[in-house]
Amino acid sequence: ILKIIKTKEDKTTAIEGIKFRVTKGEGKSAQEIPLNNATDARGELTVVKDEKITAENVEQKDIYTIKEVMLGNKDYISLKDEEEISVYVTKGIKDNKYVATDVSFDKENKAKTKEVELQDGSKVVVEAKVENGVVVVTIPNKEIQGEYGLQIIKTAEDDKPLPGVKFKVTKEEGQSAKELNVDK
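An account of the accompanying structure is given in this report. Residue positions are given per chain, counted from 1 along the sequence in the order it is written. Owing to the predicted nature of the model, reporting of local features is limited to residues with pLDDT of at least 70; listing and counting of side-chain atom pairs is limited to 80 or more, with chain, interface and lining totals taken over all residues. Note that the side-chain values use all heavy atoms of the structure and ignore hydrogens as well as water.

### Details of the overall build of the protein
A count of helical and extended segments in the protein gives 0 helices and 13 strands. Walking the protein from its N terminus toward its C terminus, one meets helices and strands in the order β-β-β-β-β-β-β-β-β-β-β-β-β. What the globule rule says is 2.2 Å times the number of residues to the power 0.38, and the radius of gyration is computed from C-alpha atoms. Whereas a compact globule of 184 residues would reach a radius of gyration of roughly 16 Å, the protein reaches 25 Å, over 25% beyond that. C-alpha atoms of the protein, sized along the principal axes, occupy 90 × 35 × 30 Å. Burial statistics for the protein: of 184 residues in total, 34% are counted as buried. Note on definitions: a residue-residue contact is assigned when non-hydrogen atoms from the two residues lie within 4.5 Å. Here the analysis covers contacts within the protein between residues at least 6 apart in sequence; of these, 51% occur between residues at least 24 apart. Residue burial considers only the protein chains on display, and all accessible areas are found by Shrake-Rupley using a 1.4 Å probe. Surface summary for the protein: the accessible area is close to 12,200 Å², and the carbon and sulfur share equals 44%. The numbering of helices and of strands both runs from the N terminus, where a helix is a DSSP run of H or I of at least 4 residues and a strand a run of E of at least 2. Categorising residues by exposure relies on relative accessible area from a 1.4 Å probe, with only protein chains included: less than 20% of the type maximum marks a residue as buried, more than 50% marks it as exposed, and the intermediate range marks it as partly exposed.

### Points about the pattern of salt bridges
Salt bridge, as applied in this entry: a Lys or Arg side-chain nitrogen positioned within 4 Å of an Asp or Glu carboxyl oxygen. Inspection of every chain in the model, using the stated rule, returns 15 salt bridges. Residues Arg42 and Asp40 are paired through a salt bridge, measuring 3.4 Å at the closest nitrogen-oxygen approach. The exposure class assigned to Arg42 is exposed, which follows from its relative accessible area of 55%. Taking the shortest distance from any N to any O, the salt bridge between Glu117 and Lys80 comes out at 3.2 Å. With Glu117 in strand 9 (residues 113-117) and Lys80 in the loop between strand 6 (76-77) and strand 7 (85-94), this residue pair connects regions lying 37 residues apart in the sequence. The exposure class assigned to Glu117 is partly exposed, which follows from its relative accessible area of 22%. Among the charged side chains, a network of salt bridges with common partners joins Lys3, Asp40, Arg42 and Glu44.

### Here's the deal with a nonpolar patch on the surface
A grouping of Tyr148, Leu150 and Ile152 is seen on the molecular surface, where their side chains present a nonpolar patch of about 400 Å² in accessible area. Looking at the element boundaries, Ile152 is found in the loop between strand 11 (134-143) and strand 12 (165-169). In this structure Ile152 comes out as partly exposed when scored by relative accessible area, which is 31%. Like charges are joined within 9 Å and nonpolar side chains (Val, Leu, Ile, Met, Phe, Trp, Tyr) within 5 Å, but only among residues with over 30% relative accessible area and no salt bridge; these make up the patches.

### Structural notes on unusual backbone geometry
Positive phi, close to 55 degrees, is recorded for Asp95, a residue that is not glycine. Mapped onto the elements, Asp95 comes out in the loop between strand 7 and strand 8 (97-104). Judged by relative accessible area, Asp95 falls into the exposed class, the value being 65%. Even without a glycine there, the phi angle at Asp159 is positive, about 65 degrees. Residue position: Asp159 is located in the loop between strand 11 and strand 12. Here Asp159 falls in the exposed class, since its relative accessible area comes to 60%.

### Some thoughts on the side chain of Glu83
Along the chain, the position of Glu83 falls in the loop between strand 6 and strand 7. One buried charged residue, Glu83, forms no salt bridge at all, with the nearest opposite charge on Lys114 at 4.7 Å. Any pair of nitrogen or oxygen atoms within 3.5 Å is treated as a polar contact; in protein, a donor-acceptor pairing is required on top of that, and neighbouring residues in sequence qualify only through side-chain atoms on both sides. Among the polar contacts made by the side chain of Glu83, one reaches the main-chain amide nitrogen of Glu117 at a distance of 3.0 Å. Excluding residues within four positions of it along the chain, Glu83 makes contact with Ile66, Lys67, Val116 and Glu117. In this count, Lys and Arg are taken as positive residues and Asp and Glu as negative ones, while His and the chain termini are left out.

And the structure:
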């Protein structure tokens, strides 16, 4: 089983509604895996289930390339358009069964994390691991953030600022009452 988990940058909060394009193999032999779903409420998307491992293919690494294609939730910054994540799955025998035994972002089975770039140029770290024979790739996204300021200028009829004026400013529902002095 190959599972993608989509989270916020904290890697604990799931993101629902993300779609991916996944291919298996490399170059001209790569085949797209049909995916009709997006990540669920747990942020999970099962990409491959019941992948056959036999004596003939146990020594060959399976290579999957993952690309984020639709960020259904507009509150997050998506991966850069050209960003693709290649995952190399090693298979072996455990408890007299063929299973996925290791996963990495390189052919040498060393990289368990990979830094990827988001649309805003910032970077996040993708993680890969095998849990009970299930390959899990966790891809975080950053929330879109912003801020603004509020400037109040009290003027006379001639548009000249009036100093010494006081305002009481509150947010909606009475939050954060502040008294502000206008000195200019």
